[in-house]
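Summary of the model geometry
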Amino acid sequence: LEVGYGLVSMVDQRAGANFLTRITLIRRQIAQELGIITPTIRIHDNLLLAPNAYAVKLRGVEVATGTIMPNHYLAMNAGLATEDLPGIPTTEPTFGLPALWITPAQREQAEALHYTVVDAPSVLATHITEIIKANAWTMLTKSDTKQLLDRLKESHPGLADDLIPNIVSLGDVQAVLQHLLRERVCIRDLPLILEAIGAASRQTKDPEALGERARLALARAICAQYQSPEKVLHVVTLPHETESLLTHSLERSENGPIIAVDGTTIQRLLAASAAAIENAALTGAQP
């Protein structure tokens, strides 16, 4: 994480900031939700950045940027606000939503008007968390995979040895875990995943297909991850005709399966899906 000089006080532990504690909590949260230990997150100042800007780099390559205002709050209208609020217009950096920077004195007013109000450090922490989740699959190296399997041997001796390398390679297991992480599926239940790989490997050695079989084995955990506190699973479904079109458009390639559908149809599908998800979100559901 690189920050402009205007944000140094917000992340500097010597200045009393607790952002490093937040970083520790983020890594713990990722371990709980995805089942992987993320690399150490280092924080540096960068005088080439604008004062209130920050950049997140992965393996030295910039993957995200943003701008925040320290000592301000971000107010977002989730569709429930009852009237307009004065403030500095901005775009929330994580999800690209329109928002306002407001002063601490406006916080109570904003909350009374049903705006979602978040402090600046939390905005940055949320952005970092989402970046890690989106890129977790690229962070899982072959060495990381081996460490996960070595730890598994303590509780499930023989499970990994029976599978690797006689049935599938270490690289295949890594590819399956990356496949799951790309879809934000937790890989903490490694024994169940390996058992699914072992059972499916009699029919196929394709990592994509093995990943789908592992996803089926994890069905209960995936549903639990997305259900509401009332134990309800909110979903957006596709019409049967659309599902059939996509299924029959699947083609195998060197880089795995691709959907061979014309660009216009894909754009219409994406636009309709985004609208359906947004309408569901306005009701307070997370489909």
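See above for the structure.
On a predicted model such as this, the values are computed, not experimentally measured, just so you know. (Residues numbered from 1 in each chain as written. Predicted model: local features only at pLDDT ≥ 70, side-chain atom pairs only at ≥ 80, totals over all residues. Heavy atoms only, no water.)

1. Some words on the packing of aromatic side chains
According to the stated counting rule, one finds 0 aromatic pairs in the structure shown. Above the face of the tryptophan 137 ring, arginine 182 is positioned so that its terminal group lies 4.1 Å from the ring centre. (Phe/Tyr/Trp six-rings, centres within 6.5 Å; stacked < 30°, edge-to-face > 60°. Lys NZ or Arg CZ within 6 Å of the ring centre and 35° of its normal.)

2. Quick look at helix α12 (residues 263-282)
Counted at 1.5 Å a residue, the expected span for α12 with its 20 residues is 28 Å, and the 29 Å between its end C-alpha atoms agrees. Backbone geometry just after α12 places glycine 284 at a positive phi near 95 degrees. (Helix = DSSP H or I, 4+ residues; strand = E, 2+ residues; numbered from the N terminus. Expected span 1.5 Å × (residues − 1).)

3. Observations concerning the sheet that holds strand β5 (residues 73-76)
Taken in spatial order, the 4 strands line up as β6-β7-β5-β8 in an open sheet, and their pairing is antiparallel. This sheet does not close on itself; its edge strands, each paired only once, are β6 (88-91) and β8 (116-119). Between one strand and the next, the sheet's axes are offset by a mean angle of 35 degrees, whatever the strand orientation. Sheet topology note: the β5/strand β7 (residues 98-102) ladder contains 4 bridges and is antiparallel. If you follow methionine 76 over to β7, its bridge partner there is alanine 99. (Pairing = 2+ DSSP bridges. Axes fitted to C-alpha atoms, helices over the stretch in contact; angles between N-to-C directions.)

4. Observations regarding the pattern of salt bridges
Note that side chains of opposite charge can pair when their charged atoms are close. In this structure the tally under the stated criterion is 11 salt bridges. A salt bridge links glutamate 2 to lysine 57; the shortest N-O distance between them is 3.4 Å. Placement of the pair is glutamate 2 in strand β1 (residues 2-3) and lysine 57 in strand β3 (residues 53-58), with a sequence separation of 55 residues. For glutamate 2, a relative accessible area of 17% translates into the label buried. Linked by salt bridges that have partners in common, Glu33, Glu130, Lys133 and Arg184 make up one network. (Salt bridge = Lys/Arg side-chain N within 4 Å of Asp/Glu carboxyl O. Buried < 20%, exposed > 50% of the residue type's maximum accessible area, 1.4 Å probe, protein only.)

5. Notes on the sheet that holds strand β2 (residues 44-45)
Overall, mixed pairing links the 4 strands, which are arranged β2-β1-β3-β4 in an open sheet. Looking at strand neighbours, the two that pair on one side only are β2 and β4 (61-67), the edges of this open sheet. Sheet analysis places β1 next to β2, joined by 2 bridges and oriented parallel. When the sheet's bridge partners are listed, glutamate 2 is paired in β2 with histidine 44. Running at roughly 20 degrees to β3, helix α4 (residues 120-139) makes contact with β3 and β4 of the sheet. (Contact = heavy atoms within 4.5 Å.)

6. With respect to unusual backbone geometry
Cis geometry is found at the peptide bond from isoleucine 164 to proline 165, where omega equals 0 degrees. By the element assignment, proline 165 lies in the loop between α6 (159-163) and α7 (170-182). You will see that arginine 184, though not glycine, has its phi angle at about 60 degrees, which is positive. Inspection of the secondary structure assignment puts arginine 184 in the loop between α7 and α8 (190-200). Arginine 184 gets classed as partly exposed once you look at its relative accessible area, which sits at 28%. The phi dihedral of lysine 231 is positive, around 65 degrees, even though this residue is not glycine. Note that lysine 231 resides in the loop between α10 (219-226) and α11 (240-248). We classify lysine 231 as exposed; its relative accessible area is 62%.

7. Some points on the pairing of β6
Where β6 meets β7, 4 bridges bridge the pair, whose relative direction is antiparallel. Within the sheet, the bridge partner assigned to isoleucine 88 lies in β7 and is tryptophan 101. Where β6 hands over to β7, the hairpin turn is made up of 6 residues, of which glycine 96 adopts a positive phi near 70 degrees.

8. A few points about the nonpolar core
Of all hydrophobic cores here, the largest spans 55 residues; its most connected members are Leu124, Ile128, Ile193 and Leu194. Among the elements that line this core, the one with the most residues is α4, at 9 residues. Setting aside residues up to four positions removed in sequence, leucine 194 forms contacts with Leu149, Leu152, Leu159, Ala160, Leu163 and Val173. One finds Tyr73, Leu85, Leu100 and Ile102 within the second-largest nonpolar core, a separate group that totals 9 residues. (Core = buried A, V, L, I, M, F, W, Y, C linked by side-chain atoms within 4.5 Å.)

In short, geometric facts, not functional conclusions.
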